[in-house]
Amino acid sequence: MGRPRAFDEDKAVRAAVGLFGGRAYDGVSVDDLVGHLGVHRNSLYKTFGSKRGLYLVALRRHLADDVRPLLDDLAGAPDVAAVLRLVTSADLGLLLLAAVERAPVDAEVASEVQAALAAVDQAIVDALGVPADLAAALTAAALGILLRGNPDNAATALTRHLGPLT
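Residues numbered from 1 in each chain as written. Predicted model: local features only at pLDDT ≥ 70, side-chain atom pairs only at ≥ 80, totals over all residues. Heavy atoms only, no water.

Quick word on helix 6 (residues 93-102)
And then number 1: Among the residues of helix 6, Leu 94, Leu 95, Leu 96, Ala 98, Glu 101 and Arg 102 are the ones counted as buried.
And then number 2: The inward-facing, buried residues of helix 6 abut helix 1 (9-23), helix 4 (51-74), helix 7 (107-128) and helix 8 (132-148). (Buried < 20%, exposed > 50% of the residue type's maximum accessible area, 1.4 Å probe, protein only. Helix = DSSP H or I, 4+ residues; strand = E, 2+ residues; numbered from the N terminus. Contact = heavy atoms within 4.5 Å.)

Here we look at the packing of helix 6 against helix 7
And then number 1: In contact at an axis separation of 10 Å, helix 6 and helix 7 are set at 135 degrees when each is read in the N-to-C sense. Of the possible angle classes, the one that applies to helix 6 and helix 7 is oblique. The way helix 6 lies across helix 7 gives a crossing that is left-handed. Residues Leu 95, Ala 98, Ala 99 and Arg 102 of helix 6 form the contact with helix 7, whose own contacting residues are Val 109, Val 113, Ala 116 and Leu 117. (Axes fitted to C-alpha atoms, helices over the stretch in contact; angles between N-to-C directions. Parallel < 35°, antiparallel > 145°, perpendicular 65-115°, else oblique. Left-handed = near helix turned anticlockwise from the far one by under 90°.)

Comments concerning the environment of Gln 122
And then number 1: By the secondary structure assignment, Gln 122 is in helix 7.
And then number 2: For Gln 122, a relative accessible area of 41% translates into the label partly exposed.
And then number 3: Distance in space between the C-alpha atoms of Gln 122 and Ala 132 is 7.2 Å, their sequence separation being 10 residues.

A few points about helix 1
And then number 1: When the terminal C-alpha atoms of helix 1 are compared, their 21 Å separation across 15 residues agrees well with the 21 Å that a helix rising 1.5 Å per residue should span.
And then number 2: For helix 1, the complete set of buried residues consists of Ala 12, Val 13, Ala 16, Val 17, Leu 19 and Phe 20.
And then number 3: Buried residues in helix 1 make contact with helix 2 (30-37), helix 3 (41-48), helix 4 and helix 6.
And then number 4: Capping the start of helix 1 is the job of one residue whose side-chain oxygen sits 3.0 Å from the backbone nitrogen of Asp 10: Asp 8. (Expected span 1.5 Å × (residues − 1). Polar contact = N/O pair within 3.5 Å; in protein donor to acceptor, adjacent residues only side chain to side chain.)

Considerations on the confidence of the model for the protein chain
And then number 1: The predicted model of the protein chain has a mean per-residue pLDDT of 90, with 89% of residues at 70 or higher.
And then number 2: Mean pLDDT in the protein chain bottoms out at helix 9 (residues 154-162), which sits at 68, and peaks at helix 7, which reaches 98. (pLDDT = per-residue confidence, 0-100.)

Observations regarding the nonpolar core
And then number 1: Within the largest apolar cluster, 52 residues are counted, with the highest numbers of intra-cluster contacts made by Phe 20, Leu 54, Leu 74 and Ile 124.
And then number 2: Of all elements in the fold, only helix 1, helix 2, helix 3, helix 4, helix 5 (80-89), helix 6, helix 7 and helix 8 reach the threshold of two or more residues within this core.
And then number 3: Here this core gets 10 residues from one element, more than from any other, and that element is helix 4. (Core = buried A, V, L, I, M, F, W, Y, C linked by side-chain atoms within 4.5 Å.)

A closer look at the side chain of Asp 121
And then number 1: With respect to the helices and strands, Asp 121 occurs in helix 7.
And then number 2: In this structure, Asp 121 is buried with no salt-bridge partner, the nearest side chain bearing the opposite charge being Arg 68 at 13 Å.
And then number 3: Dropping the residues within four chain positions of it, Asp 121 is found in contact with Ala 135, Ala 136 and Thr 139. (Lys, Arg positive; Asp, Glu negative; His and termini not counted. Salt bridge = Lys/Arg side-chain N within 4 Å of Asp/Glu carboxyl O.)

Okay, structure coming up:
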């Protein structure tokens with residue numbers, strides 16, 4: 001009979017979300033994980049199998065804890081301005097990093113990212129009654145604004161120009 005787990009798995013996964021969301025997969029070493037999560041290396045491997053295994057659990061937690069509530073909020077968005085405000089104020093760091101860093105080289109991550117983005121698109125379609133391609137363009141624009149830090153108040157300018165379309 002093995003020793004009982006000496007760490008809180010939920011707490012470790014939440015810490016991993018923050019670590020991967022701040023520094024990306026390649027920017028986090030196993031030593032970083034061990035140090036920041038307070039987990040022994042052997043426990044990490046026994047529980048998650050690998051760094052990638054922990055990353056996938058952390059990504060899925062991020063999608064459940066950060067993206068799912070965004071979808072719920074988007075359901076009540078009355079207009080483009082609200083959509084842009086909601087998406088650009090959401091904590092989507094790990095999703096963005098996963099999309100650009102891991103999705104191109106990891107099919108499982110790509111599938112999770114694509115499903116999350118499709119869900120955001122659909123939430124916009126449902127809320128605003130716009131065509132799917134316009135919803136996808138709004139998602140892309142909002143994520144771009146989030147990524148760039150809303151330069152020159154881009155969200156306001158975009159809202160002003162798109163307002164009449166919805």
